[in-house]
Amino acid sequence: MAHEPIDLVNDFAVKIGTVNGTGSASANSLLLQALFRMGIPVSGKNVFPSNIQGLPTWYEIRVSKSGYTARSPDFHLMVAMNPQSYQRDIQEVESGGWVLYDATRELDEDLVRDDVTFLGIPLARMCAERFERARERILMKNIGYVGALVALLDIEMDVIEGMLRETFSHKPNLIDSNFSAIEMGYEYARQHWDCPLPIRLERMDATGDHVMVTGNAATALGCVYAGATVGAWYPITPATSVMDGFKEYCERFRVDPETGKNHYCIIQAEDELAAAGMVIGANWMGARAFTPTSGAGISLMSEFIGLAYYAEVPSVFVDVQRTGPSTGMPTRTQQGDLMLTAYASHGDTKHINLYPADPGECFELAVAAFDLAERFQTPVFLVSDLDIGMNDWMIPRLRWDDDYRPARGKILSAEELESLEKYSRYLDVDGDGIPYRTLPGTHPRGAYFTRGSGHDKHGKYTEDSDAYLEVVDRIARKIQSAAEHLPAPEVHRGDRASPWGIISIGGCHWAVLEARDELRAEGVDLDYLRVRGFPFGTVVEDFVAGHDKVFVVEQNRDAQLRTLLCNETGCARSKLVSVRYYGGQPLSKGHVLEGVRPVLANALSEATS
Amino acid sequence: MSYITKPVARHPRMRTNALGLTSRDYEGTMSTLCAGCGHDSVTAALVQAFFELDVEPHRVAKLSGIGCSSKTPAYFVSEAHGFNSVHGRMPSIAAGANAANRDLLYVGISGDGDSLSIGLGQLCHAIRRNVNMLYVLENNGVYGLTKGQFSASADVGTKSKRGEVNRHGPIDPVNVALSLGATFVARSFSGDKRQLVPILKAGLKHTGFALVDVISPCVTFNDHKGSTKSYAHTRFHMHEVVETDFVPLRAEIQTDYGEGAVQSVTMHDGSVVRFRKVAGDYDPTDRGAVLEHLRESRSRGEVATGLLYLEETGEDMHAYENTVEEPLVDLPFEALCPGSAALEKLQQEWR
């Protein structure tokens with residue numbers, strides 16, 4: 001087979017296959033961070049098993065001088081360090097690409113492809129010769145392939161060494177072995193192969209005002225900045241690191257320096273039901289409280305979510321979506337909870353949803369979630385996913401406005417209650433569907449009975465039709481009115497009016513942007529809208545109404561976003577062309593193009609025939 | 001239930017407490033439970049306890065789950081916020097609320113269905129977490145609102161109103177609480193206000209989770225012959241093992257018992273609980289001995305009552321979580337938000 005010559009500077013993808021639990025994660029993040037520090041746009045995707053130790057795991061690094069951060073499945077270099085997955089890994093490399101493998105054991109002839117170049121490096125043997133302790137021999141294999149990549153890809157050695165010094169500043173004995181392992185891989189590569197490869201790096205200046213962070217860390221930080229004081233949760237992949245982050249930032253920013261006491265309370269609940277209850281209880285008292293979970297947790301919380309909706313208790317639920325249904329694939333991503341979080345719980349319920357597309361928006365929308373929850377006195381869902389939440393993203397540096405103060409909504413003070421003749425919890429005083437709230441302990445006149453059973457506008461138990469209808473109809477108005485106060489959709493217009501549009505959501509954004517650029521280069525200009533909130537507002541309705549056909553790009557089997565759009569805007573289902581990928585990997589531009597191109601080609605041929 | 005609204009008029013010479021309030025000020029709306037329901041007596045005992053402790057009504061938070069018992073928070077302290085949550089999940093609401101505002105007085109009212117079946121997990125974890133609250137379990141061995149099914153506290157051999165016999169072993173909340181390390185465990189009878197009121201008062205003053213299991217007969221579905229939770233059966237088999245007297249802070253201690261027969265435990269706020277031993281050498285501060293005593297009385301068919309176990313450690317969930325003394329809801333935003341400079345600094349580590 002003929003080799004396609006590859007010569008790609010700052011524009012390629014590397015996949016690293018290792019064994020779970022052998023310390024490769026830190027080597028891979030070292031690599032990613034080094035590229036970032038060289039000023040080159042990068043993104044990292046961790047493809048890991050639901051397992052502690054022993055199963056295959058992968059890390060994908062995409063380098064893109066154009067700044068594209070969506071997953072790219074076109075791997076030019078495979079770092080194959082796990083014989084368990086050699087077969088599959090070697091098959092995945094682009095024709096003309098390279099396979100870096102551990103040559104301590106000879107490669108099975110059946111695995112050899114003649115359209116890729118095999119670079120064998122006896123890492124295990126070299127580590128056994130160079131290092132004494134068993135654990136070190138395993139760990140340093142990872143640093144060894146980083147060393148080889150420094151030579152092969154032309155990574156700046158100064159950057160790598162600087163990072164190792166920072167990482168091990170408190171463990172000087174580890175610096176030596178790490179340096180030694182880097183040198184081991186580097187020297188071997190230089191002595192045996194032409195370095196660098198045609199895929200290589202050159203310093204850029206494109207990451208200066210950026211940071212590398214996961215969505216879950218950013219969400220956690222947003223909760224701290226929004227003033228959340230109570231976090232309740234039950235451990236679940238991929239949401240666990242939200243609470244890990246909240247704890248870390250609280251320990252850093254929220255401990256009274258004088259008393260050593262915490263200005264926060266984190267409760268690890270017995271299950272997701274209890275976590276939801278705690279969040280509702282804390283918000284009832286007037287604290288800002290939240291729970292991070294995933295789809296399975298939302299299922300369990302649904303009864304409580306209905307209570308918070310009907311009793312109008314603010315609450316924030318972070319759903320870091322994973323592949324469903326049921327336990328599904330806990331370490332793979334999906335957007336399978338869109339319907340669930342929009343309408344969670346029995347009876348007529350509808351909730352405010354916010355859809356971040358990257359960690360920057362996780363931070364920003366986490367803060368917005370608390371403001372909206374209090375303003376509209378209702379549950380708010382921050383709908384993230386595993387890809388956004390757990391992967392490393394390069395994002396513009398986060399900003400904070402020190403003039404920000406929480407929007408607490410309508411809460412009556414003791415003075416206001418003192419001057420009131422009678423207080424009614426669910427009375428629509430202002431005609432905007434939002435009643436006045438009181439906090440327990442404020443004033444005797446503010447007391448009322450919070451309940452999930454039928455109640456009238458005064459908060460009294462009722463089984464009367466009219467009294468019941470008055471409350472539930474007002475709540476419907478209230479939630480609908482929130483649409484115009486949610487973060488506005490992101491809209492990209494083409495250079496000329498287009499009869500076709502694309503709508504997408506959350507982390508699909510980056511693949512859609514990339515696919516759209518490629519289509520533009522081919523002369524097809526599509527308008528594009530990314531929804532950022534639910535219920536949808538007029539911008540979304542007008543976008544749908546203003547195009548003949550709209551592609552709806554999302555990551556679930558049943559076209560849930562399309563269903564929501566049909567359901568909420570009343571547009572014809574036939575107008576919305578569904579483009580879906582739901583196999584558990586982050587979306588790539590190929591998924592979008594595969595869905596869009598045939599439909600466009602068909603339409604074009606119909607128009608010209 | 002009665003449909004006649006209670007008149008608001010009160011006797012001019014009605015006794016007032018230190019706040020100048022009468023016991024009527026601690027009442028709530030009219031009960032909608034069946035006439036003669038044990039739960040209404042528990043409500044009356046709670047009203048008396050709050051009145052006698054001079055509690056500011058609006059500084060109380062009363063919570064419940066679902067069931068007959070869970071309706072009762074509407075029937076006392078109408079100037080307190082109430083939360084009638086979902087079935088079996090009140091403990092989590094209470095834990096979250098208490099985490100946010102530790103300064104209120106928390107009272108949870110639940111039943112045997114709400115606490116021992118659907119909500120057993122949450123009850124256990126509230127005990128483990130040591131949420132600072134009084135938890136009253138109105139125990140009648142039966143599901144009233146759904147018309148007479150056995151609950152998990154029904155004794156083996158109990159006959160339902162329809163004549164079915166229960167074969168499943170009961171879950172005893174007192175045993176559960178003691179084995180999970182609860183620091184305040186009591187059992188009483190709705191028909192014995194003299195015993196119940198001091199226990200409720202001590203429970204309100206206890207720092208940590210205070211469980212009071214109250215046998216509270218269901219007059220409609222479980223007050224017949226063959227029931228072990230009926231008025232008649234409870235009156236006959238109830239056996240007070242320890243007599244409790246609650247002495248609030250600053251009140252003069254009168255010695256109406258002989259020295260030696262009285263054992264005192266000082267509460268966190270300085271008030272005192274005094275035990276007068278009725279059943280021989282019963283020691284309400286020895287968890288192992290209490291468990292053994294309960295096992296023995298059960299084997300004799302007795303229902304042991306009284307403040308059965310008390311351990312005043314002064315610690316609760318907030319001590320475990322190391323939270324500030326000031327309620328979290330009262331912390332100013334400035335103390336919570338790290339600000340832009342801290343964000344800049346933090347992000348240096350993300351490069």
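Residues numbered from 1 in each chain as written. Chains lettered and ligands numbered in written order. Predicted model: local features only at pLDDT ≥ 70, side-chain atom pairs only at ≥ 80, totals over all residues.

### Quick word on the overall build of chain B
And then number 1: Secondary structure assignment for chain B yields 11 helices and 13 strands.
And then number 2: The C-alpha radius of gyration computed for chain B amounts to 21 Å, which stays within 12% of the reference 20 Å derived for 351 residues, consistent with globular compactness.
And then number 3: Taken along its principal axes, the extent of the C-alpha atoms in chain B is 75 × 50 × 50 Å.
And then number 4: For chain B, with 351 residues in total, the buried portion stands at 52%.
And then number 5: Restricting the contact set of chain B to residue pairs at least 6 apart, pairs at least 24 apart contribute 73%. (Helix = DSSP H or I, 4+ residues; strand = E, 2+ residues; numbered from the N terminus. Rg over C-alpha atoms; globule rule 2.2 N^0.38 Å. Buried ≥ 20, exposed ≤ 12 C-beta atoms within 10 Å, placed from the backbone. Contact = placed C-beta atoms within 7 Å.)

### A closer look at the overall build of chain A
And then number 1: From N to C terminus, chain A includes 19 helices and 21 strands.
And then number 2: Seen through its C-alpha atoms, chain A measures out along the principal axes to roughly 90 × 80 × 40 Å.
And then number 3: The buried share of chain A, taken over its 609 residues, is 53%.
And then number 4: Excluding contacts between residues fewer than 6 apart, the proportion of contacts in chain A whose partners are at least 24 apart in sequence is 74%.

### Regarding the packing of helix H16 (residues 509-521) of chain A against helix H19 (residues 589-608) of chain A
All names here are of chain A.
And then number 1: Two elements in contact, H16 and H19, have axes separated by 8 Å at closest approach and are oriented at 55°. Between H16 and H19, the crossing angle belongs to the class labelled oblique. The interaxial crossing formed by H16 with H19 has right-handed handedness. Residues Ala511, Val512, Glu514, Ala515 and Glu518 of H16 form the contact with H19, whose participating residues are Lys589, His591, Val592, Leu593 and Val596.
And then number 2: Considered class by class, the residues forming the contact of H16 with H19 number 6 nonpolar, 1 polar and 3 charged. (Axes fitted to C-alpha atoms, helices over the stretch in contact; angles between N-to-C directions. Parallel < 35°, antiparallel > 145°, perpendicular 65-115°, else oblique. Left-handed = near helix turned anticlockwise from the far one by under 90°. Nonpolar A, V, L, I, M, F, W, Y, C, P; charged D, E, K, R; others polar.)

### Points about the environment of Gly533 of chain A
Residue and element names in this part refer to chain A.
And then number 1: Turning to its location among the elements, Gly533 is positioned in strand E19 (residues 533-534).
And then number 2: Sequence separation between Gly533 and Val544 is 11 residues, and the spatial gap between their C-alpha atoms is 15 Å.
And then number 3: With residues up to four places along the chain from it excluded, the contact list for Gly533 reads Asn353, Leu354, Tyr355, Leu486 and Pro487.

### Describing the sheet that holds strand E2 (residues 42-47) of chain A
Residue and element names in this part refer to chain A.
And then number 1: Spatial ordering of the open sheet is given by E2-E3-E1-E4-E5-E6, a layout of 6 strands whose pairing is mixed. Two strands bound the open sheet, and with one partner strand each, they are E2 and strand E6 (117-121). Each adjacent strand pair in this sheet contributes to an overall mean axis angle of 15°, direction not counted.
And then number 2: Pairing analysis gives 6 bridges linking E2 to strand E3 (residues 56-64), with the strands arranged antiparallel. Each bridged residue has a counterpart across the sheet, and for Asn46 the counterpart in E3 is Tyr59. (Pairing = 2+ DSSP bridges.)

### A look at the sheet that holds strand E17 (residues 500-505) of chain A
Residue and element names in this part refer to chain A.
And then number 1: What the 5 strands build is an open sheet, ordered E16-E18-E17-E20-E21; its pairing is mixed. Strands with a single pairing partner mark the edges of an open sheet, and in this sheet they are strand E16 (490-492) and strand E21 (576-580). Neighbour-to-neighbour, the strand axes of this sheet turn through a mean angle of 20°, independent of strand direction.
And then number 2: Across 3 bridges, E16 lies against strand E18 (residues 527-531) in antiparallel orientation. Paired with His492 across the strands is Tyr528, a residue of E18.
And then number 3: Across the sheet, H16 lies against E17, E18 and strand E20 (549-554), angled at about 155° from E17, the strand it touches most.
And then number 4: Each of E17, E20 and E21 touches helix H18 (residues 560-569); the most contacted strand, E20, lies at about 135° to it.

### Focus: the environment of Asp542 of chain A
And then number 1: Checked against the element boundaries, Asp542 of chain A lands in helix H17 (residues 538-545).
And then number 2: Along the chain, Asp542 of chain A and His509 of chain A lie 33 residues apart, while their C-alpha atoms are 20 Å from each other.

### Digging into the nonpolar core
Note on soluble globular proteins: their nonpolar side chains tend to be buried together.
And then number 1: Judged by nonpolar contacts, the single largest core of 271 residues is most densely connected at Leu100 and Ala369 of chain A together with Leu211 and Val212 of chain B.
And then number 2: Setting aside residues up to four positions removed in sequence, Leu211 of chain B forms contacts with Tyr135, Leu137, Pro173, Ala177, Ala182, Phe184, Val185 and Ala186 of chain B.
And then number 3: With 6 residues, the next largest nonpolar core counts Val142, Phe150, Ala154 and Cys218 of chain B among its residues. (Core = buried A, V, L, I, M, F, W, Y, C linked by C-beta atoms within 7 Å.)

### Focus: the packing of helix H3 (residues 123-130) of chain A against helix H4 (residues 134-153) of chain A
Residues and elements named next belong to chain A.
And then number 1: With their axes 9 Å apart at the nearest point, H3 and H4 run at an angle of 125° to one another. Here H3 lies oblique to H4, going by the angle between them. Considering how the two elements wind past one another, H3 and H4 form a crossing that is right-handed. Where H3 abuts H4, its residues Leu123, Ala124, Met126, Cys127 and Ala128 lie against Arg137, Met140, Lys141, Gly144 and Tyr145.

### Some points on the interface of chain B and chain A
And then number 1: At the junction of the two partners, chain B supplies 48 residues and chain A supplies 53 residues.
And then number 2: Sort the elements by how many residues they give to the side of chain B that touches chain A and helix H3 (residues 90-100) of chain B lands first, with 8 residues.
And then number 3: Of the residues contributing to the side of chain B that touches chain A, the split by class is 25 nonpolar, 17 polar and 6 charged.
And then number 4: Across 3 bridges, strand E15 (residues 449-451) of chain A lies against strand E2 (residues 81-84) of chain B in parallel orientation. Residue pairing for E2 of chain B: Phe449 of chain A is matched across the bridge by Gly82 of chain B.

### Describing unusual backbone geometry
Residue and element names in this part refer to chain A.
And then number 1: The amide bond that connects Thr237 to the next residue, Pro238, takes the cis arrangement and shows omega of 5°.
And then number 2: Note on placement: Pro238 falls in the loop between strand E8 (230-233) and helix H8 (240-253).
And then number 3: A cis amide bond, omega -5°, links Gly324 with the succeeding residue Pro325.
And then number 4: Summarising the element assignment, Pro325 is placed in the loop between strand E11 (315-321) and helix H11 (338-343).
And then number 5: Unlike most non-glycine residues, Ser345 shows phi in positive territory, near 95°.
And then number 6: With respect to the helices and strands, the residue Ser345 is situated in the loop between H11 and strand E12 (352-354).

### Concerning helix H9 (residues 272-285) of chain A
Residue and element names in this part refer to chain A.
And then number 1: The terminal C-alpha atoms of H9, which comprises 14 residues, lie 20 Å apart, in line with the 20 Å expected from a rise of 1.5 Å per residue.
And then number 2: The buried count for H9 comes to 14 of 14 residues, which makes it a mostly enclosed element.
And then number 3: Directly after H9, the chain includes Gly286, whose backbone phi takes a positive value near 105°. (Expected span 1.5 Å × (residues − 1).)

### Observations regarding helix H15 (residues 465-482) of chain A
Residue and element names in this part refer to chain A.
And then number 1: When the terminal C-alpha atoms of H15 are compared, their 26 Å separation across 18 residues agrees well with the 26 Å that a helix rising 1.5 Å per residue should span.
And then number 2: Within the sequence span of H15, burial applies to Val471, Arg474, Ile475 and Ala482. The arc enclosing the buried residues of H15, seen along the axis, measures out at 100°, which places them on a common side. In this structure, H15 carries Ser465, Asp466, Leu469 and Asp473 as exposed residues pointing more than 90 degrees from its buried face.
And then number 3: Buried-residue contacts for H15 involve E12 and helix H12 (359-376). (Arc of directions from axis to C-beta.)

### A few points about the pairing of E8 of chain A
Residue and element names in this part refer to chain A.
And then number 1: Side-chain alternation along E8 places Val230 and Ala232 on one buried face and Gly231 and Trp233 on a second face that is also buried.
And then number 2: The parallel pair E8 and strand E9 (residues 265-268) is bridged by H8, and the resulting crossover is right-handed.
And then number 3: Note that E8 and strand E10 (residues 289-293) share 2 bridges and pair parallel. Each bridged residue has a counterpart across the sheet, and for Val230 the counterpart in E10 is Ala289. (Right-handed = clockwise from strand over helix to strand, strands pointing away.)

### Some thoughts on the environment of Gly506 of chain A
All names here are of chain A.
And then number 1: Relative to the helices and strands, Gly506 is located in the loop between E17 and H16.
And then number 2: The class of Gly506 is buried, set by 27 C-beta atoms lying within 10 Å.
And then number 3: For the pair Gly506 and Ala357, spaced 149 residues apart in sequence, the C-alpha to C-alpha distance is 4.1 Å.
And then number 4: Residue contacts for Gly506: discarding those within four places in its chain leaves Gln335, Tyr355, Pro356, Ala357, Val383, Asp385 and Ile388.

### With respect to the confidence of the model for chain B
Residues and elements named next belong to chain B.
And then number 1: Mean pLDDT over chain B works out to 91, with 93% of the residues at or above the 70 mark.
And then number 2: When the criterion is pLDDT under 50, residues 252-260 qualifies, and its contacts beyond four places in sequence or with other chains add up to 4 contacts.
And then number 3: Of the two predicted TM-score estimates for the complex, the pTM is 0.96 and the ipTM is 0.95. (pLDDT = per-residue confidence, 0-100.)

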